[in-house]
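# Notes for the structure review
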Amino acid sequence: MTALTDLRRHHKIEVNHLDRLAIVYVRQSTLAQLQHHQESTRLQYALVHHAADLGWAPDRVLVIDDDQGKSGTTATGRPGFTRLVTEVSLGHVGLILGIEMSRLARSNRDWHHLLEVCALFRTLIGDADGIYNPADYNDRLLLGLKGTMSEAELHILKNRMHQGKLNKARRGALGAPTPTGYIRDAYGEIQMDPDEQVQQVIRLIFRKFEELGTLHALLQYLVEHQVQLGVRERTRAGGGLLTWRRPNRMTLQNLLHNPMYAGVYAYGRRQTDPRKKLAGRSSTGRVTLPPNQWHVLLRDHVPAYISWEQYQEHVARMAANRNVASLSGAPKRGTGLLSGLLICGHCGHRMVISYPNAPTGSAVRYSCMRHVTDYAGPPCFSCTGAAVDRWVTTQLLDVLTPASVALSLEAQRTLNQDREALDRHWHARLERAQYEGARAARQYQGVEPEHRLVARSLERAWEQALEAERTLKEEYERHVQLRPRQLTTDEICQVQTLSTALPALWSASTTTMQDRKEILRLVIQRITLWGDANDERLDVRIEWQGDHVTEGQVVRPVARLDQVSTYAEVCQRVGAGVTQGKTVLEVTDELNAAGLRPPKRRTTWNVSQVRSLAQRLGLQFSKGTDGRTVPARRPPRAGDWWTLDGLAQALKMPVVTLYTWLRRAVVKGEQLERGGTWRIWADDAEVRRLQALRAEPVGARCHRRWIDKATSMMDTLEVRDVSP
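Quick summary incoming for the structure in this document. Keep in mind that what you see is a predicted model, and the values were worked out from it rather than measured. (Residues numbered from 1 in each chain as written. Predicted model: local features only at pLDDT ≥ 70, side-chain atom pairs only at ≥ 80, totals over all residues. Heavy atoms only, no water.)

### Thoughts on the overall build of the protein chain
Heads up, the condition is: For helices the rule is a DSSP run of H or I covering at least 4 residues; for strands it is a run of E covering at least 2, with both sets numbered from the N terminus onward. Any residue under 20% of the maximum accessible area for its type is buried, any over 50% is exposed, and the rest in between are partly exposed; the area is computed with a 1.4 Å probe on protein chains only. Whether two residues are in contact is decided by their heavy atoms, any of which lying within 4.5 Å being enough. Only the protein chains shown count as cover for residues, and the accessible areas themselves come from Shrake-Rupley with a 1.4 Å probe.
Helix and strand counts for the protein chain stand at 25 helices and 24 strands. Taking all 724 residues of the protein chain together, the buried fraction comes to 37%. Pairs at least 24 residues apart make up 61% of the contacts formed inside the protein chain by residues separated by at least 6 positions. Summing over all exposed atoms, the protein chain offers an accessible surface of approximately 41900 Å²; the carbon and sulfur share of this is 53%.

### Quick word on the sheet that holds strand β1 (residues 21-25)
Filter applied, for reference: Should DSSP find at least two bridges between two strands, the strands are regarded as paired. Inter-axis angles, ranging from 0 to 180 degrees, are taken between N-to-C directions of lines fitted to C-alpha atoms, where helices are fitted over the stretch in contact.
A sheet is described by the order of its strands in space; here five strands give the open sequence β2-β1-β3-β4-β5, paired in mixed fashion. The open sheet has two edge strands, β2 (61-64) and β5 (130-132), and neither has a second partner. When strand polarity is set aside, the average angle formed by the axes of neighbouring strands in this sheet is 25°. The sheet contact formed by β1 and strand β3 (residues 93-97) spans four bridges and is parallel. Residue V24 lies in a different strand from β3, and its bridge partner there is L97. Packing against the sheet, helix α6 (residues 79-89) makes contact with β1, β2 and β3, and its axis sits at approximately 160° to β1.

### A few points about a positive patch on the surface
Formally: What goes into a patch is any residue over 30% in relative accessible area without a salt bridge, connected to like charges within 9 Å or, for nonpolar side chains (Val, Leu, Ile, Met, Phe, Trp, Tyr), within 5 Å. Basic side-chain nitrogens of Lys or Arg form a salt bridge, by our definition, when they fall within 4 Å of a carboxyl oxygen of Asp or Glu. For the charge count, each Lys or Arg is scored as positive and each Asp or Glu as negative, with His and the chain ends excluded. Where a charge lies is defined by one atom per residue type: Lys uses NZ, Arg uses CZ, Asp uses CG and Glu uses CD.
A grouping of K158, K165, R270, K277 and R286 is seen on the molecular surface, where their side chains present a positively charged patch. Relative to the assigned elements, R286 resides in strand β12 (residues 286-288).

### A word on the packing of helix α9 (residues 196-212) against helix α10 (residues 215-224)
Rules: Should an angle fall under 35 degrees it is called roughly parallel, over 145 degrees roughly antiparallel, and 65 to 115 degrees roughly perpendicular, with every other angle called oblique. With the far helix as reference, a near helix turned anticlockwise by less than a right angle produces a left-handed crossing, and one turned clockwise produces a right-handed crossing.
Closest axis-to-axis distance for the α9/α10 pair is 9 Å, and the angle between their directions is 130°. For the element pair α9 / α10, the angle class is oblique. Relative to α10, α9 is oriented so that their crossing is right-handed. Two secondary-structure elements touch here, α9 through L204, I205, K208, F209 and L212 and α10 through L215, A217, L218, Y221 and L222.

### Details of the state of the cysteines
The criterion, for reference: In this description, a disulfide is simply a cysteine sulfur pair whose atoms lie within 2.5 Å.
Tallied over the full model, the rule gives zero disulfides. Free of any disulfide, C344 has its nearest neighbouring cysteine sulfur in C380, separated by 3.7 Å.

### Looking at the nonpolar core
Put simply, the rule reads: As used in this record, nonpolar core signifies buried Ala, Val, Leu, Ile, Met, Phe, Trp, Tyr and Cys residues forming a set joined through side-chain atoms within 4.5 Å.
Counting residues in each nonpolar core, the largest one holds 32 residues, and the members touching the most others are I205, F206 and L256. Taken together, the elements giving at least two residues each to this core come down to β7 (190-192), α9, α10, α11 (249-257) and α12 (308-321). When residues in this core are grouped by element, the largest group, six residues, is from α9. Filtering out sequence-adjacent residues up to four positions away, L256 remains in contact with I205, F206, F209, L215, L218, Y311, V315 and M318.

### As for helix α24 (residues 684-695)
To keep things clear, this is the line we draw: Expected helix span is given by 1.5 Å per residue-to-residue step, counting one fewer step than there are residues. The directions from the helix axis to the C-beta atoms are what the arc is built from.
An ideal rise of 1.5 Å per residue puts 16 Å on twelve residues; α24 measures up with 17 Å between its terminal C-alpha atoms. When α24 is considered as a whole, its buried residues turn out to be E686, V687, L690, L693 and R694. Take α24 and look down its axis: the buried residues cluster within an arc of 125°, on one side only. Exposed side chains of α24 directed beyond 90 degrees from the buried face belong to R688 and A695.

### Some thoughts on helix α23 (residues 655-663)
Among all positions of α23, only T657, L658, T660, W661 and L662 are buried. On its buried face, α23 sits against α22 (644-651), β23 (668-671), β24 (678-681) and α24. Where α23 terminates, the next one or two residues include A665, which has phi positive at roughly 65°.

### Concerning the sheet that holds strand β17 (residues 381-384)
Strand pairing in a sheet is mediated by backbone hydrogen bonds. Such pairs are either parallel or antiparallel. With antiparallel pairing, the three strands of this open sheet are ordered in space as β15-β16-β17. With one partner strand each, in any of the chains shown, β15 (352-354) and β17 form the two edges of the open sheet. In this sheet, neighbouring strand axes are inclined to one another by 25° on average, regardless of whether the strands run parallel or antiparallel. In terms of strand pairing, strand β16 (residues 365-368) meets β17 through four bridges, oriented antiparallel. Residue pairing for β17: S367 is matched across the bridge by S382.

### Focus on unusual backbone geometry
Leave glycine aside and you will find that most residues have negative phi; peptide bonds, for their part, are mostly trans. Within the chain, R122 stands out as a residue other than glycine whose phi angle is a positive 55°. Checked against the element boundaries, R122 lands in the loop between α7 (108-120) and β4 (124-127).

### As for the pattern of salt bridges
Any two side chains of opposite charge can pair if their charged atoms end up close together. This model, assessed by the stated rule, comprises 23 salt bridges. The shortest N-O distance in the salt bridge between K146 and D129 comes to 2.9 Å. Placement of K146 in helix α8 (residues 137-170) and of D129 in the loop between β4 and β5 is noted, with a sequence separation of 17 residues between them. Residue K146 is classed as buried on the basis of its relative accessible area, which comes to 18%. Its salt-bridge partner being R232, residue D193 comes within 2.8 Å of it at the nearest N-O pair. Within this pair, whereas D193 is found in the loop between β7 and α9, its partner R232 is found in strand β8 (residues 229-232), the two being separated by 39 residues in sequence. A network of salt bridges, in which partner residues are shared, links R60, E467, R470 and E474.

Okay, here's the thing in structure tokens:
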């Protein structure tokens, strides 16, 4: 710092430099340095006084310390350095002060970019060794050498630490957290967990994976048998305490991929790919490499649960089982319009698409399967996709209609008018500041030189007026840089033309489903769905680009009549019609005229549905469609034998669903004669079983049938494997 003090009258500092700002750039690389190396921080802040010694007024010295605790390897993620370059580019800076050049940048790319900007705007750079002019060749050469040495110093330090780390790993002595089933003894050696149950669970996992062959089947087995994993606490507070946790998909996947269970000490399994690394995020860009590209691979180094050959077989099997479809939000092929955008409102996870009528793909269903895939539990939520797709499409076209676009353009014009008004306001302020400066100059020039007391006062007033004018100009330049971009006349006309053609383009036969999905992703961030399993109404929330939100309700097709929101009103109208002696046709017409809709995908009631509902309610129309008296129907139950209508009424379910159960052998029935009516056997215990089955959610029954089918397929594969 003595050198800076001695150079307070340096010949490179000119008047135009003193008229601009002097910036003191303060940075420490890590938070640990901020806590433990505070003397360096104090030394950097003390440069404010040296700037004053060099001739700058205290109020013209700006301290930029926004980059505390951030590395100088890149300019990305350093708002302070970005602000510094911006101020220099605007011509506001006369001098940049720092303890050493490495504080500004340790990357030649960022360092030479700063030198170019400083040379262009005649900005000086100062450190503990002197003051440099980047526009001067000799100073530029010296500054370039200092930047190169700063970058080389960082590279040498990193390479030295990496080589030391690598050399320690080659001996198998580099410490790393041990996976479940291993601990470190008092000498730092890796040993199997002394708890035998922990070892048994690990061996069980590998054995069952070899038997079942898939990760999900293994998870399902562990959940079904309530097998938990023993995990040692790694925190100091835990002190290696053993806790038991339920398994999940990711834990099992990491366990099966870890080579330590095969007795292998490995280092460098996951390495950083510079092409995938995100600036400002040190943990990104990691890629998993094959064993032949690992830095260290020491076999038979630790106690093993499985052999190296078994480990390779497990990894190869998981790779073969993996679905190669991308999980990103990019549009995929298929008729599911909202793929990648739907979020379950119950658990917050992404919903997936299924096609029950595959391969035709005529029906789409959105489901949240996270609990199924990760914890082998029941599905969280599901719904048919047609109703949701129609509602979202309607909202999209409404948002992008010419009226909406015209409103947005009107808002843009209003914003432009506001900006023009602000510009006029700024120009008025600048004009007033110029007038005050000129007025102060005239007053100072008009005073008699001998009148020193008045002259000194007027001189200070003139300097204050010039300072205020300069500050106002700098603020106006920042305002101009930050103001939004205007739409040109051609762009406005193009937007208006496209807005009128959008509905036709959306429904055109030449527009593919991928095109529609891309349009959705341009304007929609996410769509959240939630609703009750026994309700036809779904709550939908659309989050548009720009933080605008649209909420609404969608009516979806439901399987049962009691799930319809107007079920109570329908029952009341049917009961009133029977009491008043109306025909079933008259009641049907009244329901349709009132706009009441039945379940399934039908939009109107028919006579058969109304008669079936009346029977479920224990009522019977006295007259048929033609007005004649309806004969009494058979009793619903005779002993343990039921009529199809009678049992459906007792179970509160549609007759067609009960008939489906009959065809699938869920219930037992017979026909007394070929082509005659069916009767179904169900004693009291059977009725209770059917009522419990009916009360289950549809998703749970589908999940159970899916498990039974998977188990049957696995049994078939096992039989096929042992056959000669």
